[in-house]
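Take a look at the letters that make up each chain.
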Protein chains: 2
Amino acid sequence: MRTFSGPNGSLPLPAFLTKAFSTSTMSPKGLTYDNINPHVKEAQYAVRGELAVKSEQYRVDLANGKKLPFDTVIAANIGNPQQLDQKPITFFRQVTSLLENPQLLSKTDVLKSALGYPQDVIDRATRLLKDVKSVGAYSQSHGAPGIRQSVADFIERRDGFPSDKDSVYLSNGASGGVNTLMHVVCANEKSGILVPIPQYPLYTATLSLLNARAVPYYLDEDKTWGTDLASIKSSLHKAKSEGTDVRAIVIINPGNPTGASLPAEDVKSVIKFAADEGLVIMADEVYQTNIFEGEFVSFKKCLRELQASKENEGGKYDAVQLASLHSISKGMVGECGHRGGYFELVGFDDQVKSQIYKFISIQLCPPVIGQCITEMMVNPPKSGEPSYDLYKKEYDGIKEGLRVRANALFEAFKSMEGVDCQRPQGSMYLFPTITLPEKAIKKAKEEGRKPDEFYCLRLLDSTGVCLVAGSGFGQKEGTLHFRTTFLAPGTDWVERITKFHKEFMDEFR
Amino acid sequence: MRTFSGPNGSLPLPAFLTKAFSTSTMSPKGLTYDNINPHVKEAQYAVRGELAVKSEQYRVDLANGKKLPFDTVIAANIGNPQQLDQKPITFFRQVTSLLENPQLLSKTDVLKSALGYPQDVIDRATRLLKDVKSVGAYSQSHGAPGIRQSVADFIERRDGFPSDKDSVYLSNGASGGVNTLMHVVCANEKSGILVPIPQYPLYTATLSLLNARAVPYYLDEDKTWGTDLASIKSSLHKAKSEGTDVRAIVIINPGNPTGASLPAEDVKSVIKFAADEGLVIMADEVYQTNIFEGEFVSFKKCLRELQASKENEGGKYDAVQLASLHSISKGMVGECGHRGGYFELVGFDDQVKSQIYKFISIQLCPPVIGQCITEMMVNPPKSGEPSYDLYKKEYDGIKEGLRVRANALFEAFKSMEGVDCQRPQGSMYLFPTITLPEKAIKKAKEEGRKPDEFYCLRLLDSTGVCLVAGSGFGQKEGTLHFRTTFLAPGTDWVERITKFHKEFMDEFR
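Throughout, a residue's number is its position along its own chain's written sequence, starting from 1. Note on labels: chains are lettered from A, ligands numbered from 1, in written order. Selection of residues for local features in this predicted model requires a pLDDT of at least 70, selection of side-chain atom pairs for listing and counting requires 80 or more, and totals for whole chains, interfaces and linings are taken over all residues. The basis for the side-chain values is all heavy atoms of the structure; hydrogens and waters are excluded.

As for the pattern of salt bridges
Part 1 of the argument: Put simply, a salt bridge is a Lys or Arg side-chain nitrogen that is within 4 Å of an Asp or Glu carboxyl oxygen. With the rule as written, the count across this model stands at 58 salt bridges over all chains.
Part 2 of the argument: Across the pair R247(A) and D245(A) runs a salt bridge whose closest N-O atoms are separated by 2.9 Å. For the pair shown, R247(A) and D245(A) are each scored as buried.
Part 3 of the argument: Note that E375(B) and R127(B) form a salt bridge whose closest N and O atoms lie 3.1 Å from each other. With E375(B) in helix α14 (residues 368-378) and R127(B) in helix α6 (residues 119-132), the pair connects residues that are 248 residues apart, well separated along the chain.
Part 4 of the argument: Relative accessibility decides the category of a residue: with a 1.4 Å probe and only protein chains considered, values under 20% of the type maximum give buried, values over 50% give exposed, and everything between is partly exposed. Residue class for E375(B) comes out buried when judged on its relative accessible area of 1%.
Part 5 of the argument: Where salt bridges share partners, they join E417(A), K502(A), D506(A) and R509(A) into one cluster. A run of DSSP states H or I qualifies as a helix once it reaches four residues; a run of E qualifies as a strand once it reaches two. Both are numbered from the N-terminal end.

The structure is reproduced here in structure tokens:
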């Protein structure tokens, strides 16, 4: 990003970026790297960066019979559950098969007797089709009304406070929602948004594209990566003093890449801070069901509780603006390929909402089958319904598998020299600190790489395990990390990491 | 858009936009209409604008038993075939039902005997699943490799020239492709793109969002809305003289909203012009199968022919940069709700392509089920295969229905006073000129509306037929048009328009 103001001051621009800012017009050679949109060049998105591309090549090489030091590639770089053998939930897919081919609904006897489709699958498909007419038709730009109503009902059940379907916007995954919100929030090159560091790089990448400012605030690794209000305040005030018009704060809870899960009091202090400063809260809650310790508390619930409490003197929390995001890609659903999600707006006026509607209408509507899966995620089979037992078994099985692998990884990291890892609390990731020997850091520098990238590249080349270096998410100066998902089945790949790490440390000690 | 330079000089900004440009920071009230991104406010997207929203309300009112002057709403404003009773093609949906629920593939006997699924449906689903693993998993950001290969094979068959899967990028409908390309092409607020007028408003809306310049060139209504090279050149030179860095030209062929279909010689003259001027060509070819007169000739084919011809002295056409877009939303496929499409790049260097890849990776990947339908669109059942006869019957039936309704509308428009319409050649639209009486124009002004909007609003209020006013697409100063799709079944709604028009003319004559 062009300006990266924050607690440590402005970061220097990498050399390849300064080049991008030279005035450029189209040359006789047409569009070249030198004259394309510099903000596209600035955007960094390590989750699908060099390491991911190289791991894809290894996968192809192995398939073509090439000899490598490993026999499988482990994509622990990206939260892509169904690429890693997580099975989709049967109820969802039985329903979507009927949505795709409604002709099957005229053969309910075959569906039930020969294919084992329960009645509630047939009922759900019928109801969803009534709402969308066809999954091949455009819906309203913010999603089919019946599905938005179902999302509002879910939020109401979850939080115990009302929700209105006209404040719910279905989106193209949560990423599509973030893109929409940031486009509307950022007005010009002085607009800034507070972004946690480490963060999911969608946020800084989108701010780069918008030529707006990421205002980083550091999460507190010693408090299991919780929010540190003093740090947030100091980031805000520094950014303001540098002329940044700070407009919003992003909170990722449960955390990505950190795996942290915030208690209600931390959520409430962020809300109070945002109210004092007039900031929009963007609450990325896509991991809300991936919780291993404690329980998830939504920003919406905490906001409504605060508004209803005695603390709300003079209605000082009434005007808080909150956008909460959710997704079908994560949790036990894991349907990322279907690109579904939603955001709920609280405290936004109708004029702003109609501009948001117009913005999303330019891209017409989110995928309708993804909208339907969103409906099923928020309104799954209930106890007593024919699909419930299988649904619950599958859901619990996936959750338990994640917990077991998270703990296996955590234990492995604990045993590794120079590796320090927080207990897994939520989401799909661990984000351990690594302390590398000086010799390794020197070697990385010689190769023109950041030390954590160097480590992850070596790991990939030796073991086929693909992680993402901490620098892809941001980290405090002088610290090194990597992010791993705990989605890949089995634990043999954890042993590959342990073995590699020992050899790496021995080589560079 | 802020700057709208072109043959008629800069257009004045509407009053509500000048307000948007006042310097604004976040107020204590947080995000308001006054301080959101002004470029979002500038963007205009009439296809889903006021008329469309009002028509949705009428639909709800009718469903709730409210008495209106009509008993159905006819959405002739948007190319949304399956909302208007166009049936999806059976082969596509049988395959997607299996992709959604691969468990069914273990019961092929039931599928075949009790549900009538042919063997090629089962084979196709099996092959696609091998490529994507699960439709719930993220694919590569530019799409699953096997599907990109299938698209490349299709382009090769269609044009008789090679195509490379690594130059094919699957997208979120063609709209997603346009968004990607414009983000990369436009470098700053001086960047401009030549856009036909009338145009599909996605183009100017996206340029508004990017704070870049739409450089309009007028299509020639007297030549059935063909391209007029003299007009394009004069637009380019005027824009350049005003300091616009013109980087690309958009061509929509077959035309939207015009329905024009360009002959090969017109395509080639655009390519020669782009080569001379070093412009990227963005060829929007989403209506390539919606052709009623002549045949579709792709930009890619014409470019390769030019490059292979004697005209290519000194290799002057070798460096032409072309991006061709296609979609599953239109044609006889009509699967807009599935958000599938692709673009093929020709003449772009690898550095630019890797920036394009990074840009799309920030939003992860296009919907995987939409990718699979893209594969089936470009590789439908072949003669001799079990699904072929039904596929052909359905495909031809949809095409013939469109042709019949296009001609019925054309004949109706011919008979209407003050309405002048070009013969339908392609796409899904007619875009007649209307000449309104002075009194109507005066009345519109009194209501603060453009005359064509006034007409379309009156039409909607009286008949329930929803069109889009020509001003939503751009039109020559002093001319008035409207766009209608010819997707709505039956022809009674055409009579509603005829009757309304007569009464309207009588009222204001």
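Here the narrative resumes.
Topic: the side chain of D159(B)
All names here are of chain B.
Part 1 of the argument: Mapped onto the elements, D159 comes out in helix α7 (residues 145-159).
Part 2 of the argument: Relative accessible area serves as the criterion here: at 5%, D159 is assigned to the buried category.
Part 3 of the argument: Separated by 2.8 Å, the side chains of D159 and R158 make a polar contact.
Part 4 of the argument: Once you skip the residues sitting within four places of it in the chain, D159 turns out to touch S298, K300 and K301. Distance and chemistry together define a polar contact, namely a pair of N or O atoms within 3.5 Å, with one atom able to donate a hydrogen and the other to accept it when in protein, and with adjacent residues in sequence counting only for side-chain atoms on both sides. Throughout, a residue-residue contact means that at least one pair of heavy atoms, one from each residue, lies within 4.5 Å.

Comments concerning the sheet that holds strand β13 (residues 468-469) of chain B
All names here are of chain B.
Part 1 of the argument: The criterion for strand pairing is that DSSP finds at least two bridges linking the strands in question. The antiparallel open sheet is built from 3 strands, whose spatial order is β10-β14-β13. Both outer strands of the open sheet, β10 (429-430) and β13, are each paired with one neighbouring strand and no more.
Part 2 of the argument: Pairing of β13 with strand β14 (residues 482-485), which is carried by 2 bridges, proceeds in the antiparallel orientation. Within β14, the residue paired with A469 across the bridge is F482.

Side note on the interface of chain A and chain B
Part 1 of the argument: Residue-level contacts link 97 residues of chain A with 97 residues of chain B.
Part 2 of the argument: Between chain A and chain B the total buried area reaches about 8000 Å² when both faces are included, carbon and sulfur atoms providing 54% of it.
Part 3 of the argument: Along the contact surface separating chain A from chain B lie 4 salt bridges.
Part 4 of the argument: Remark: the boundary between chain A and chain B carries 52 residue pairs in polar contact (both at pLDDT 80 or more).
Part 5 of the argument: Counting residues per element, the ones that place at least two in the side of chain A that touches chain B are α2 (38-42), α4 (90-100), α8 (173-185), α9 (202-209), β5 (245-252), α13 (350-361) and α14 (368-378) of chain A.
Part 6 of the argument: Three classes are used: nonpolar for Ala, Val, Leu, Ile, Met, Phe, Trp, Tyr, Cys and Pro, charged for Asp, Glu, Lys and Arg, and polar for all others, with Gly counted as polar. A per-class count over the side of chain A that touches chain B returns 43 nonpolar, 38 polar and 16 charged. Throughout, the accessible surface (probe 1.4 Å) given up by two parts as they are put together, summed over both, is called the buried area.

Observations regarding the relation of the copies chain A and chain B
Part 1 of the argument: Relative to chain B, chain A is turned by 180° and slid 0.0 Å along the rotation axis, the superposed coordinates differing by an RMSD of 0.0 Å. Such a turn and shift between the copies fits a two-fold axis. It is S97(A) whose C-alpha, among those of chain A, lies nearest the rotation axis, at 2.0 Å.
Part 2 of the argument: The overlap is high: 99% of the interface residues of chain A also sit at the interface in chain B, so the same surface is used on both sides. Least squares is the method for superposing the copies, and the C-alpha atoms it fits come from residues with pLDDT of at least 70 in both.

Some remarks on the packing of aromatic side chains
Part 1 of the argument: Only the six-membered ring of Trp is used, alongside the rings of Phe and Tyr, when aromatic pairs are assigned; centres must lie within 6.5 Å, and planes under 30 degrees apart are stacked while those over 60 apart are edge-to-face, with the rest tilted. Summed over the entire model, instances satisfying the criterion amount to 36 aromatic pairs over all chains.
Part 2 of the argument: Ring geometry for Y169(A) versus F343(A): centroids 5.0 Å apart, planes at 5°, classification stacked. One end of the pair, Y169(A), is in strand β2 (residues 168-171); the other, F343(A), is in strand β8 (residues 341-346), and 174 residues separate them in sequence.
Part 3 of the argument: Summarising the aromatic geometry, the rings of F504(B) and F508(B) are spaced 4.8 Å apart at their centres and angled 50° between planes, so their arrangement reads as tilted. Here F508(B) and F504(B) lie together in helix α18 (residues 492-508), a separation of 4 residues that amounts to about one turn.
Part 4 of the argument: For F508(B), a relative accessible area of 4% translates into the label buried.
Part 5 of the argument: Through a chain of ring-to-ring contacts, the aromatic side chains of F413(A), F454(A), Y455(A), F482(A), F500(A), F504(A) and F508(A) assemble into a single cluster.
Part 6 of the argument: Positioned over the ring face of Y33(A) is K41(A), at 4.3 Å from the centre of the ring. Should the NZ of a Lys or the CZ of an Arg lie within 6 Å of a ring centre and within 35 degrees of the ring normal, that charge is described as sitting over the ring.

Description of the environment of T485(B)
Residue and element names in this part refer to chain B.
Part 1 of the argument: Position of T485 relative to the elements: it lies in strand β14.
Part 2 of the argument: When the C-alpha atoms of T485 and Y429 are compared, they prove to be 4.4 Å apart, with 56 residues separating the residues in sequence.
Part 3 of the argument: Once residues within four sequence positions are removed from consideration, T485 is found in contact with A75, A76, N77, I78, G79, L409, M428, Y429 and W493.

Quick look at the pairing of β2(A)
Residues and elements named next belong to chain A.
Part 1 of the argument: With burial as the criterion, each face of β2 is covered, one bearing V168 and L170 and the other bearing Y169 and S171.
Part 2 of the argument: Two strands pair when backbone bridges link them, and β2 and β8 are joined in this way by 4 bridges, in the antiparallel orientation. In the sheet register, S171 faces β8, and the bridge partner there is G341.

A short note on the pairing of strand β6 (residues 280-284) of chain B
Residues and elements named next belong to chain B.
Part 1 of the argument: In terms of burial, β6 is largely enclosed, as 5 of its 5 residues are buried.
Part 2 of the argument: Covered by surrounding structure in β6 are V280, M282 and D284 together with I281 and A283, the residues of both alternating faces.
Part 3 of the argument: The sheet contact formed by strand β5 (residues 245-252) and β6 spans 5 bridges and is parallel. Paired with V250 across the two strands is M282, which belongs to β6.
Part 4 of the argument: Handedness rule for crossovers: strands pointing away from the viewer, path from the first strand over the helix to the second running clockwise, crossover right-handed. Following the chain from β5 across helix α11 (residues 264-277) to the adjacent parallel β6, one finds a crossover that is right-handed.
Part 5 of the argument: Crossover handedness for the path β6 to helix α12 (residues 299-308) to strand β7 (residues 322-327): right-handed.

Comments concerning the packing of helix α16 (residues 438-446) of chain A against helix α17 (residues 451-463) of chain A
Residues and elements named next belong to chain A.
Part 1 of the argument: One way to put it is that α16 packs onto α17 with a least axis distance of 8 Å and a crossing angle of 90°. Taken together, the axes of α16 and α17 lie roughly perpendicular to each other. Residues A440, I441, K443 and A444 of α16 form the contact with α17, whose participating residues are P451, F454 and R458.
Part 2 of the argument: Counted by class, the contact of α16 with α17 contains 5 nonpolar, no polar and 2 charged residues. All axes here are fitted lines through C-alpha atoms, helices being fitted over the stretch that makes contact, and every angle between N-to-C directions spans 0 to 180 degrees. Geometric relationships in this document are graded by angle, where less than 35 degrees denotes roughly parallel, more than 145 denotes roughly antiparallel, 65 to 115 denotes roughly perpendicular, and other angles denote oblique.

Quick word on helix α13 (residues 350-361) of chain B
Part 1 of the argument: Helix length check: α13(B) (12 residues) gives 16 Å between terminal C-alpha atoms against 16 Å at 1.5 Å per residue, within 8%.
Part 2 of the argument: When α13(B) is considered as a whole, its buried residues turn out to be V352(B), K353(B), Q355(B), I356(B), Y357(B), K358(B), F359(B), I360(B) and S361(B). Helices are assigned an expected span. That span is 1.5 Å times one less than the residue count.

Details of the sheet that holds β7(B)
Residues and elements named next belong to chain B.
Part 1 of the argument: Overall, mixed pairing links the 7 strands, which are arranged β2-β8-β7-β6-β5-β3-β4 in an open sheet. Two strands in the sheet have a free side with no partner beyond their single neighbour: β2 (168-171) and β4 (213-218). Averaged over all adjacent pairs, the angle separating strand axes in this sheet is 25°, with direction ignored.
Part 2 of the argument: Pairing of strand β3 (residues 191-197) with β5 involves 4 bridges; the strand directions are parallel. In the strand pairing of β5, G192 is matched with V246.
Part 3 of the argument: With respect to the sheet, α7 is in contact with β2, β7 and β8 (341-346), its orientation differing from that of β2 by roughly 115°.
Part 4 of the argument: Packed onto the sheet, α14 meets β2, β7 and β8 and runs at close to 70° relative to β8.

What about the nonpolar core?
Side chains of nonpolar character tend, in soluble globular proteins, to be buried together.
Part 1 of the argument: Note on terminology: a nonpolar core comprises buried Ala, Val, Leu, Ile, Met, Phe, Trp, Tyr and Cys residues joined through side-chain atoms within 4.5 Å. Ranked by size, the top nonpolar core spans 336 residues in total, and within it L194(A), I249(A), L194(B) and I249(B) carry the most contacts.
Part 2 of the argument: Those residues within four positions of I249(A) in sequence are excluded, and the remaining contacts are I193(A), L194(A), Y217(A), I232(A), V270(A), F273(A), L279(A), V280(A), I281(A) and M282(A).

Read these as layout, nothing more, since geometry by itself doesn't imply function.
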